[in-house]
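Below, each chain spelled out in residue letters.
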Amino acid sequence: MKALSENACFGGKQGVYSHRSETCDCDMTFGMFLPEEANHGPVPVLWYLSGLTCTHENAMVKAGAQGWAAEQGLALVFPDTSPRGEGVADDAAYDMGQGAGFYVNATEKPWAAHYRMWDYIAEELPALITGNFAIDREAQAITGHSMGGHGALTLAMSLPGRFRSVSAFSPICNPSSSDWGRKQLGAYLGEDEARWAAHDATHLMREHGFDGPILLDTGTEDQFIDLLRPEALAEAINARRQQAVLRLQPGYDHSYFFVSSFMEDHINFHAEALYAG
């Protein structure tokens, strides 16, 4: 692992690091915020998964998360959204290829060689950060925006006991039934739609839900709301009687202005769950 930058930030440290990923077979980059408390021992960690076209940097510089995390003594991890580099498959469209890994393990050519973002986020990167930073591996939570909200929800529901809480900003809630999902899941996983269910938050909620609190925010003026399908996940949550808070925020769109406006709420929500354990 190589430190690309380290900057003092709200009494802690914001770093950017690169490493060779065996899972993705390429170099990967991630951001890590450590609060001042990490100088004295392991701290809880909140994972932030970003959306389409993003890198590790978007949320790190736009979400306004570090100040609120510093107040709560939480670490933040900002992974990249896909494998990158020469020889890594790409697509001319913004919603496929580099920057659009959709947090799945691709099985189809040409994506299967590198696009193993599920294993990267679920296994390889957690092992790397807990082995190199003062992180409490028993106190983890996860959030994300758009495609990253999809990833946060599917990982949380598929890894019982890993995350104490999950939240999302404008998540893609039902990709099996949306143009933001059918295209990508078909390309990465093949045409057998039965295989897509493991990466659809609405299907996962119907099947087994989440063993902790959930917070979801979506803007009423989100220009992509028909692709996100929050109503599908809301129906599944209601049918399951899952512990959850779902909010439609009047006037807000899909941008990081929206994300930063409610970041304090999400940080505090996760801090309550992380410290309650």
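Predicted, not measured: the structure shown is a model, and the values here were computed from it. (Residues numbered from 1 in each chain as written. Predicted model: local features only at pLDDT ≥ 70, side-chain atom pairs only at ≥ 80, totals over all residues. Heavy atoms only, no water.)

1. Considerations on the layout of surface pockets
Here is step 1 of the chain: Each pocket or cavity is described by its volume, and for the largest pocket that value is around 200 Å³.
Here is step 2 of the chain: Forming the walls of the largest pocket are 13 residues, and the residues nearest its centre are L52, H145, S146, F224 and H254.
Here is step 3 of the chain: By residue class, the composition of the lining of the largest pocket is 6 nonpolar, 7 polar and no charged. (1 Å grid on protein atoms, 1.4 Å probe; cavity = no way out; pocket = protein on both sides within 12 Å on 5 of 7 lines; lining within 4 Å. Points joined across faces, edges and corners; volume = space filled by probe spheres on them. Nonpolar A, V, L, I, M, F, W, Y, C, P; charged D, E, K, R; others polar.)

2. Examining the packing of aromatic side chains
Here is step 1 of the chain: Counted according to the given criterion, the structure contains 12 aromatic pairs.
Here is step 2 of the chain: On the numbers, 5.2 Å between centres and 90° between planes, the contact of W111 with Y115 is edge-to-face. In this structure, W111 and Y115 share a single accessibility class: buried.
Here is step 3 of the chain: Aromatic ring contacts, followed pair by pair, group F169, Y252, F258 and F262 into a single cluster. (Phe/Tyr/Trp six-rings, centres within 6.5 Å; stacked < 30°, edge-to-face > 60°. Buried < 20%, exposed > 50% of the residue type's maximum accessible area, 1.4 Å probe, protein only.)

3. Focus: the pattern of salt bridges
Here is step 1 of the chain: On inspection of all chains with the given rule, the structure shows 11 salt bridges.
Here is step 2 of the chain: Note that D217 and R247 form a salt bridge whose closest N and O atoms lie 2.7 Å from each other. With D217 in strand β8 (residues 214-219) and R247 in strand β9 (residues 245-249), this pair connects stretches of sequence that are 30 residues apart.
Here is step 3 of the chain: R247 sits in the partly exposed class, given a relative accessible area of 26%. (Salt bridge = Lys/Arg side-chain N within 4 Å of Asp/Glu carboxyl O. Helix = DSSP H or I, 4+ residues; strand = E, 2+ residues; numbered from the N terminus.)

4. Regarding the side chain of H114
Here is step 1 of the chain: Note on placement: H114 falls in the loop between β5 (75-79) and α3 (117-132).
Here is step 2 of the chain: In this structure H114 comes out as buried when scored by relative accessible area, which is 10%.
Here is step 3 of the chain: At 2.9 Å, the side chain of H114 and the backbone oxygen of C24 are in polar contact.
Here is step 4 of the chain: A polar contact is formed between the side chain of H114 and the backbone oxygen of G87, at a distance of 3.5 Å.
Here is step 5 of the chain: When residues no more than four places from it in sequence are discounted, the contact partners of H114 are C24, D25, P83, G87 and V88. (Polar contact = N/O pair within 3.5 Å; in protein donor to acceptor, adjacent residues only side chain to side chain. Contact = heavy atoms within 4.5 Å.)

5. Quick word on the side chain of T23
Here is step 1 of the chain: Inspection of the secondary structure assignment puts T23 in the loop between β2 (12-21) and β3 (26-34).
Here is step 2 of the chain: Looking at T23, its side chain comes within polar contact range of the side chain of E124, at 2.9 Å.
Here is step 3 of the chain: Those residues in contact with T23, other than ones at most four positions away along the chain, are R116, D119, Y120 and E124.

6. A word on the packing of helix α2 (residues 65-72) against helix α9 (residues 256-276)
Here is step 1 of the chain: For the pair α2 and α9, interaxial distance at closest approach is 9 Å and the crossing angle is 30°. With respect to α9, the element α2 is oriented roughly parallel. Pair α2 / α9 crosses with right-handed handedness. Note on element contacts: α9 touches α2 through M263, E264, I267, N268, A271 and Y275, opposite A65, W68, A69 and Q72.
Here is step 2 of the chain: A per-class count over the contact of α2 with α9 returns 7 nonpolar, 2 polar and 1 charged. (Axes fitted to C-alpha atoms, helices over the stretch in contact; angles between N-to-C directions. Parallel < 35°, antiparallel > 145°, perpendicular 65-115°, else oblique. Left-handed = near helix turned anticlockwise from the far one by under 90°.)

7. Some words on the pairing of strand β4 (residues 43-49)
Here is step 1 of the chain: For β4, the tally of buried residues reaches 7 of 7 residues, placing the bulk of the element in the interior.
Here is step 2 of the chain: Taken together, the 6 bridges between β4 and strand β6 (residues 135-144) define a ladder with parallel strand orientation. Along β6, the bridge assignment pairs V43 with I135.
Here is step 3 of the chain: When β4 meets β5, the two strands line up parallel, connected through 3 bridges. Along β5, the bridge assignment pairs V45 with A75. (Pairing = 2+ DSSP bridges.)

8. A few points about the nonpolar core
Here is step 1 of the chain: Judged by nonpolar contacts, the single largest core of 63 residues is most densely connected at F30, M32, I142, L155 and Y188.
Here is step 2 of the chain: Looking at this core element by element, the count peaks at 8 residues for α3.
Here is step 3 of the chain: Membership of the second largest hydrophobic core comes to 25 residues, among which are A65, L74, A139 and A271. (Core = buried A, V, L, I, M, F, W, Y, C linked by side-chain atoms within 4.5 Å.)

9. Some details on the packing of α3 against helix α4 (residues 147-158)
Here is step 1 of the chain: The N-to-C vectors of α3 and α4 enclose an angle of 60°; their axes lie 12 Å apart at closest approach. By the criterion of interaxial angle, the relationship of α3 to α4 is oblique. Both α3 and α4 take part in a crossing whose hand is right-handed. Of the residues in α4, those in contact with W118, I121 and A122 of α3 are T154, L155 and S158.

10. Re the environment of L274
Here is step 1 of the chain: Its location among the elements puts L274 in helix α9.
Here is step 2 of the chain: Here L274 falls in the buried class, since its relative accessible area comes to 3%.
Here is step 3 of the chain: Excluding residues within four positions of it along the chain, L274 makes contact with P44, V45, L74, A139, Q140, A141 and R164.

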